[in-house]
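Each chain, written out:
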Amino acid sequence: MAEFPDERQLVVEVRSQLEQWTNSARREAYTELFEGDDPLLTAEELQSLDALDSAMERAGGDGIWGTDQYGIHTAGTGSSDASLGVVCVYHPQITDDSVLRGREGLDDETEERLNAALWTYSERVAELVGRELDAYVERKGR
């Protein structure tokens, strides 16, 4: 149990890096998944998602992009080789409430494709942040 404070300190250190790692991972995931040779969404679907995001922000909401949230978890074993990881704790999602008045809305199939893409994006961001976490822990020699 004497090593537990070291683990706690490591989690504190990692959490201080989380925002920077997340922002970088968001850019990388967006480029990889939406701008590559085989994007998850068509240009029209991505434009719809971006328009919905902008409209939600103008209406005083959070929008879609950048609302994903990530956290650090630990196995809590108390050993010096305890496993730290990253998990997406909030996946952005389009719901009936997301579709603003004055818009015709999205058909069910398009909404599902957009939500599946947002899920994949959030999970990819978590994976990329996890790589940064692993590299950080390795550099610390823990």
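Shown above is the structure to which this text applies.
To start, this report covers the structure provided alongside it. (Residues numbered from 1 in each chain as written. Predicted model: local features only at pLDDT ≥ 70, side-chain atom pairs only at ≥ 80, totals over all residues. Heavy atoms only, no water.)

Topic: the overall build of the chain
For step 1, the next point in the chain: Of the regular secondary structure elements, the chain holds 3 helices and 2 strands.
For step 2, the next point in the chain: Ordering the α and β elements of the chain from the N terminus gives α-α-β-β-α.
For step 3, the next point in the chain: Relative to its 142 residues, the chain shows a buried fraction of 39%.
For step 4, the next point in the chain: Surface accessibility of the chain: about 8,800 Å² in total, with carbon and sulfur atoms responsible for 44%. (Helix = DSSP H or I, 4+ residues; strand = E, 2+ residues; numbered from the N terminus. Buried < 20%, exposed > 50% of the residue type's maximum accessible area, 1.4 Å probe, protein only. Areas by Shrake-Rupley, 256 points an atom, 1.4 Å probe, with all protein chains shown as cover.)

Points about the packing of aromatic side chains
For step 1, the next point in the chain: Tallying each qualifying case throughout the model produces 6 aromatic pairs.
For step 2, the next point in the chain: Measuring from ring centre to ring centre gives 5.7 Å for Trp21 and Tyr136, while their planes differ by 65°; the resulting arrangement is edge-to-face. Taken as a pair, Trp21 in helix H1 (residues 4–34) and Tyr136 in helix H3 (residues 108–140) lie far apart in primary sequence, 115 residues in all. Each member of the pair Trp21 and Tyr136 is classed as buried.
For step 3, the next point in the chain: Measuring from ring centre to ring centre gives 6.1 Å for Phe34 and Tyr121, while their planes differ by 45°; the resulting arrangement is tilted. Highlighted residues: Phe34 in helix H1 and Tyr121 in helix H3, separated in sequence by 87 residues.
For step 4, the next point in the chain: For Phe34, a relative accessible area of 6% gives the class buried. (Phe/Tyr/Trp six-rings, centres within 6.5 Å; stacked < 30°, edge-to-face > 60°.)

Quick look at the pattern of salt bridges
For step 1, the next point in the chain: Under the definition given, this model contains 6 salt bridges.
For step 2, the next point in the chain: The residue Glu45 makes a salt bridge to Arg113 at a minimum N-O spacing of 2.7 Å. Taken together, the positions of Glu45 in helix H2 (residues 43–58) and Arg113 in helix H3 put the pair 68 residues apart, joining distant regions of the chain.
For step 3, the next point in the chain: Arg124 serves as the salt-bridge partner of Glu127, at 2.3 Å between the closest nitrogen and oxygen. Taken together, the residues Glu127 and Arg124, both in helix H3 and 3 residues apart, mark about one turn of the helix.
For step 4, the next point in the chain: It is possible to trace a salt-bridge network through shared partners that takes in Glu32, Arg124, Glu127 and Arg131. (Salt bridge = Lys/Arg side-chain N within 4 Å of Asp/Glu carboxyl O.)

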